[in-house]
Amino acid sequence: MKFIIGNWKMNGTPSDKESMLTTLANTKTKNKIVLCLPFTLLNGNNNCGIAIGAQDVSNHENGAFTGDISAKMLTEMGTKYVIVGHSERRLYHNETNEIVREKATIAIKHGITPIICVGETLEEKNTGHTISVIKKMLLESIPESGEYIVAYEPRWAIGTGLTPSTNEIVTAVKAVFDTLPNPRPILYGGSVNANNAHDIILIPYVDGLLVGGASLKSDTFLPIIKSID
Ligand code: PGA
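Structural notes, computed from the coordinates. This is a predicted model, so every value here is computed, not measured. (Residues numbered from 1 in each chain as written. Predicted model: local features only at pLDDT ≥ 70, side-chain atom pairs only at ≥ 80, totals over all residues. Heavy atoms only, no water.)

### Examining the overall build of the chain
Scanning the chain from terminus to terminus reveals 9 helices and 8 strands. Considered along the principal axes of its C-alpha atoms, the chain spans approximately 45 × 45 × 30 Å. Taken across its 229 residues, the chain has 48% of its residues classed as buried. Sequence-distant contacts, at least 24 apart, represent 71% of the contacts inside the chain between residues at least 6 apart. By element, 53% of the accessible surface of the chain is carried by carbon and sulfur atoms, the whole surface being about 10900 Å². Taking the 21 positively charged and 23 negatively charged side chains of the chain as two groups, their mean positions are separated by 4 Å. (Helix = DSSP H or I, 4+ residues; strand = E, 2+ residues; numbered from the N terminus. Buried < 20%, exposed > 50% of the residue type's maximum accessible area, 1.4 Å probe, protein only. Contact = heavy atoms within 4.5 Å. Areas by Shrake-Rupley, 256 points an atom, 1.4 Å probe, with all protein chains shown as cover. Lys, Arg positive; Asp, Glu negative; His and termini not counted. Charge placed at Lys NZ, Arg CZ, Asp CG, Glu CD.)

### Looking at the site of the ligand
Contacts to the ligand come from 13 residues, most closely from K9, H86, E153, G159 and S191. Separating an oxygen atom of the ligand from a side-chain N or O atom of K9 is a distance of 2.7 Å. Taking H86, its side chain carries an N or O atom lying 2.6 Å from an oxygen atom of the ligand. Burial of the ligand by the protein amounts to 95% of the accessible area it has alone, namely 280 Å². Taken together, the residues that form the shell around the ligand break down as 4 nonpolar, 7 polar and 2 charged. (Near = heavy atom within 4 Å. Polar contact = N/O pair within 3.5 Å; in protein donor to acceptor, adjacent residues only side chain to side chain. Nonpolar A, V, L, I, M, F, W, Y, C, P; charged D, E, K, R; others polar.)

Below is the structure:
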């Protein structure tokens, strides 16, 4: 069983969600499909076996944090997963490894599986620092215990149409595997599409895919799901 996790980012309306769920309900797969939606679309259950995730969670339990959403609120909406430490959160909201670790810890406490993202910038890659960067990010971002997923997402591959070579992905995900205190599912993310999904999923240590742009529409998401079934 592999994970195929869609990250809708700041996209999607209730009717987009409805039509995606209708399509997915009619799609047979042995893999685990998760849709990480904007907060506004987290309401309502679905009976098509698709797990719903969020894209962020507060590192606080509750209180005076205008605009933030707590783990308890997510749990009560039926949210099963939450992305934490996505590079866009790290970049645009100054999230540090410490904050990411707090978010992962609070999610686990409330029964939600965090998907912890790590990945190097283009400059870090070009200066040969990929492995040291992801190891440090990982060690500082993972919680002490509990179930979680790690997503290796090179920043330069997100939304650019660029992907690392097979060798580069193996080296990075193996480094993630070797750094984790216990085995956890490891995803690859960054410009996954129907043309590369099949090859990427066959790479050792890759337990699934985190898909951004191509998860928004069923005519790009479905071929990915089918290509790795
Ligand atoms: P992308 O995004 O598939 O559009 O590159 C991946 C992500 O940001 O998780």
